[in-house]
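These are the residues of each chain, in order.
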Amino acid sequence: MQPTPDFSQLIKLAQSPAGKQLISMLQSSGGSTLQDAIQKASAGDYDQAKAMLAPLLSNPQAQSLLKQLEDQK
């Protein structure tokens, strides 16, 4: 069983400039996939959500934004 994510930390990251840019990019390149992944994660299926987002997060711009978010933790 995977641990429940710290939603206050997720919200903080999502509201950061890098988080907003990443969310915008994901919505424009795969809006329905993003929504489906959010539903999977909400239901506790984090592995499936991660697998659904992997192709969207594999481009260099997404990787750069993810690095920025990781550095903010």
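Numbers given to residues run from 1 along each chain, matching the order in which its sequence is written. Local features are withheld for residues below a pLDDT of 70 in this predicted model, meaning they are given only at 70 or higher, and side-chain atom pairs are given and counted only at 80 or more; totals for whole chains, interfaces and linings count all residues. Computation of side-chain values: all heavy atoms of the structure, hydrogens and water removed.

## Description of the overall build of the chain
Part 1 of the reasoning: The way it works is that DSSP assigns letters per residue, a run of H or I at least four long becomes a helix, a run of E at least two long becomes a strand, and they are numbered from the N terminus. From N to C terminus, the chain includes 4 helices and 0 strands.
Part 2 of the reasoning: Our radius of gyration is a C-alpha quantity, and the globule rule it is checked against amounts to 2.2 Å times the number of residues to the power 0.38. Against the compact-globule benchmark of 11 Å for 73 residues, the chain has a radius of gyration of 12 Å, which places it among compact chains.
Part 3 of the reasoning: The dimensions of the chain, computed from C-alpha atoms along their principal axes, are 30 × 25 × 15 Å.
Part 4 of the reasoning: Methods summary: accessible areas were calculated by the Shrake-Rupley approach with a probe of 1.4 Å, and residue burial reflects only the protein chains presented. Surface exposure of the chain reaches about 5200 Å², of which carbon and sulfur atoms provide 56%.

## A word on the pattern of salt bridges
Part 1 of the reasoning: Here, a salt bridge means any side-chain nitrogen of Lys or Arg that lies within 4 Å of a carboxyl oxygen of Asp or Glu. Tallying each qualifying case throughout the model produces 1 salt bridge.
Part 2 of the reasoning: Across the salt bridge formed by Asp71 and Lys67, the nearest N and O atoms sit 2.9 Å from each other. On the criterion of helical spacing, the pair formed by Asp71 and Lys67 is a turn pair, its members being 4 residues apart in helix 4 (residues 60-72). Taken individually, Asp71 and Lys67 each receive the classification exposed, so the pair is uniform in this respect. In this scheme, a residue with accessible area under 20% of its type's maximum is buried, one over 50% is exposed, and one in between is partly exposed, where area comes from a 1.4 Å probe on protein chains only.

## Quick word on helix 2 (residues 17-42)
Part 1 of the reasoning: For helix 2, spanning 26 residues, the distance from its first C-alpha to its last is only 24 Å, which falls clearly below the expected 38 Å at 1.5 Å a residue.
Part 2 of the reasoning: Among all positions in helix 2, only Ala18, Gly19, Leu22, Met25, Leu26, Gly30, Leu34 and Ala37 are buried.
Part 3 of the reasoning: One or two residues past the end of helix 2 sits Gly44, with phi positive at roughly 90 degrees. Here the expected span of a helix is defined as 1.5 Å times the quantity of residues minus one.

## Things to note about the environment of Met25
Part 1 of the reasoning: By secondary structure assignment, the location of Met25 is in helix 2.
Part 2 of the reasoning: Remark: the alpha-carbon pair of Met25 and Lys73, spanning 48 residues in sequence, is separated by 21 Å.
Part 3 of the reasoning: Contacts are residue-level and defined by heavy atoms, with any inter-residue pair within 4.5 Å sufficient. The residues contacting Met25, other than those within four sequence positions of it, are Leu56, Asn59, Gln61 and Ala62.

## A closer look at the nonpolar core
For soluble globular proteins, nonpolar side chains are generally found buried alongside one another.
Part 1 of the reasoning: In this text, buried Ala, Val, Leu, Ile, Met, Phe, Trp, Tyr and Cys residues form a nonpolar core when linked through side-chain atoms within 4.5 Å. Membership of the largest hydrophobic core comes to 15 residues, with the highest contact counts inside it found for Leu22, Leu26, Ala37, Leu53, Leu57, Ala62 and Leu69.
Part 2 of the reasoning: With 6 residues, helix 2 is the largest single contributor of residues to this core.
Part 3 of the reasoning: Residues contacting Leu26, with those up to four places away along its chain left out, are Gly31, Leu34, Leu56 and Leu57.

Keep in mind that these numbers describe shape and distance, not what the molecule does.
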